[in-house]
Amino acid sequence: MERKMFNDAYGIACLGVTEDDWKVLAFEALENLDLEVAQKALVRIGHLPHLLLIQSILERKKRGQDNDKVYLADILAHQGKFDKAARLYKEADQSSKAVEMYTDLRQFDLAKEYMEEGCSEGFTKEIIKKQAEWCKSSSDPKAACEMYLAAGEYIKAADIMMENGWIDRLLQMTRNPSTNTTEFLQHCAKLFQNSDQIELAAEILDKLGEWKELIKLYVDAQQWNQAFNLLKDHPELKELVYVPHAMWLLENDQFNEAQDALSKAGRQTAAVNILEQLVENAIVETRFEDCAYYNWLLASSYRQHAKEPPKGEKSEVFVKQFWNHLKLAGMYYAYSGIHKFTDQPFTSHLPDALFNMSRCLYHQLLNTHPPGISKVCTLYTLARQSKHLGAFKLARYAFDKLQMFIIPQRFSEQVELGSITIRSKPFEDKE
């Protein structure tokens, strides 16, 4: 081996030597670039890392990359002789490889020494980025942030600032003209939004003129006043505000306001659906005044539809719905007074008002029977008030009609008593 006769040395070693002797032979041959002998010796001891290195060198030689200094530097680097390897890289005008080697070893100071030897700006920034990533993984966010800024990686630096709560410094960056790229500002706006810094995010979006995103920001933060103020200057974005606002109102049981918001957003069908649902809820909860009001709103909505029918729709359909809900509004309003008389201890309506309500409603019930309205309660009110006001003929008719229905137990005694006492009254009404 001292005479570099590695083939002869390999033949003698085949007669029987220790594993350490094979290693010495393999590494000596490798450092002298006798790759064939080195490969056979390494196969003997099964040393995979250096076998892969030899394979890589052979492939590069096939591609015409014939630089022995670079190959020898690679070999020395694999053997841990980094200083010698770096000097060889420099001699072969491959300082970038020395930088990569020291970067992988996290020896950034040594890497910078070789970066000064003429590496490109892009390569230099890449090394700084790697150093920043190392600092970040080593729990040194301040150093990592500085490195990213030096490498021009402003977005990654912004992420570190936000993670560590350096809001003021990040805000200064957003106001610095040298870093005010659209991509960077958009990223900072998202960072501020995610950390509930709505005003700072709004400042950036306003600077960018991204009104759509700014309205979404206010809507997501449920800052409705700011959203409506911005909508004054950008009415074309009304749907982005009114629809989410309507959903928020629904979640907070403000149904009337939600219906109005949907109407302003041009979602007439959704607004009508909400009103219809409100009508059903009011009937179930026996809130008949509210039911009358919601039917009146429905009638107004259908009237608007009749004036400006949607494409493909006939105005006659909406006119019919208008008259129907207008009639229902009157019926439910009349029944609200009757319901208070029959189901509540006190009522503000005078007897003649209750008499006219029940008489009018009963005539309407002859042709239709809306849900929630009781004919028994209507006839009971009509019978009681007719008798009280001296309309005995009508009272007798009402009591007779009540006999055809199943009377609730709470009314049965008074109905039976009224049916008997009315017989003692004249057959004619009072003047």
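Above this note sits the structure.
It should be emphasised that the depicted structure is a prediction, and the values quoted were computed from it without experimental measurement.

Trainee: When you look at the overall build of the protein chain in this model, what are you seeing that I'm missing?
Mentor: Helix and strand content of the protein chain: 25 helices and 0 strands. Relative to its full complement of 431 residues, the protein chain shows a buried share of 39%. Accessible area for the protein chain stands at about 24,900 Å²; split by element, carbon and sulfur atoms hold 49% of it.

Trainee: Help me understand the side chain of histidine 325, please; the structure alone is not making it clear to me.
Mentor: Here histidine 325 lies in helix α21 (residues 315–343). Leave out the neighbours within four places in its chain, and histidine 325 touches Asn295, Leu298, Ala299 and Tyr302.

Trainee: Just to check I follow, could you spell out the packing of aromatic side chains for this structure?
Mentor: One pair of aromatic rings is described through two measures. These are the centre distance and the angle between the planes. Applying the stated criterion across every chain yields a total of 8 aromatic pairs. Consider the rings of tryptophan 224 and tryptophan 248, whose centres lie 5.8 Å apart with planes at 50 degrees: the pair is tilted. Taken together, the residues span a long stretch of sequence, with tryptophan 224 in helix α16 (residues 224–233) and tryptophan 248 in helix α17 (residues 238–251) at a distance of 24 residues. Tryptophan 248 gets classed as partly exposed once you look at its relative accessible area, which sits at 24%.

Trainee: Sorry if this is basic, but what is going on with the nonpolar core here?
Mentor: Looking at soluble globular proteins, one finds that nonpolar side chains tend to be buried together. Counting residues in hydrophobic clusters, the biggest one holds 83 residues, and the most contacted among them are Leu170, Phe192, Tyr332 and Leu402. Sort the elements by how many residues they give to this core and helix α20 (residues 288–307) lands first, with 9 residues. What leucine 170 contacts, discounting residues up to four positions off in sequence, is Ala158, Met161, Met162, Phe184, Cys188, Leu191 and Phe192.

Trainee: Would you explain the environment of alanine 246 in this entry?
Mentor: Considering the arrangement of structural elements, one finds alanine 246 in helix α17. You can call alanine 246 buried: its relative accessible area is 0%. Sequence-wise, alanine 246 and alanine 265 are 19 residues apart; in three dimensions their C-alpha atoms are separated by 9.3 Å. Beyond its immediate sequence surroundings of up to four residues, alanine 246 is in contact with Ala258, Ala261 and Leu262.

Trainee: Help me understand helix α22 (residues 351–365) in this model?
Mentor: Because the α-helix completes a turn every 3.6 residues, residues three or four places apart line up on one side. The terminal C-alpha atoms of α22 lie 21 Å apart, and with 15 residues this matches the ideal 21 Å at 1.5 Å per residue to within 8%. Looking at α22, one finds that the buried residues are Leu354, Phe355, Met357, Ser358, Leu361, Tyr362 and Leu365. All buried residues of α22 lie within an arc of 165 degrees about the axis, which places them on one face of the element.

Trainee: Mind showing me how you'd approach the packing of α21 against α22 here?
Mentor: Two numbers describe a pair of packed helices, the interaxial angle and the distance between the axes. As a packed pair, α21 and α22 sit with axes 9 Å apart at the nearest point and diverge in direction by 130 degrees. Relative to α22, the element α21 is oriented oblique. For the element pair α21 and α22, the recorded crossing hand is left-handed. The residues of α22 that touch α21, namely those facing Lys327, Met331, Ala334, Tyr335, Gly337, Ile338 and Phe341, are Leu354, Met357, Ser358, Leu361, Gln364 and Leu365. Residue classes in the contact of α21 with α22 are distributed as 9 nonpolar, 3 polar and 1 charged.

What counts and what doesn't
- Residues numbered from 1 in each chain as written.
- Predicted model: local features only at pLDDT ≥ 70, side-chain atom pairs only at ≥ 80, totals over all residues.
- Heavy atoms only, no water.
- Helix = DSSP H or I, 4+ residues; strand = E, 2+ residues; numbered from the N terminus.
- Buried < 20%, exposed > 50% of the residue type's maximum accessible area, 1.4 Å probe, protein only.
- Areas by Shrake-Rupley, 256 points an atom, 1.4 Å probe, with all protein chains shown as cover.
- Contact = heavy atoms within 4.5 Å.
- Phe/Tyr/Trp six-rings, centres within 6.5 Å; stacked < 30°, edge-to-face > 60°.
- Core = buried A, V, L, I, M, F, W, Y, C linked by side-chain atoms within 4.5 Å.
- Expected span 1.5 Å × (residues − 1).
- Arc of directions from axis to C-beta.
- Axes fitted to C-alpha atoms, helices over the stretch in contact; angles between N-to-C directions.
- Parallel < 35°, antiparallel > 145°, perpendicular 65-115°, else oblique.
- Left-handed = near helix turned anticlockwise from the far one by under 90°.
- Nonpolar A, V, L, I, M, F, W, Y, C, P; charged D, E, K, R; others polar.

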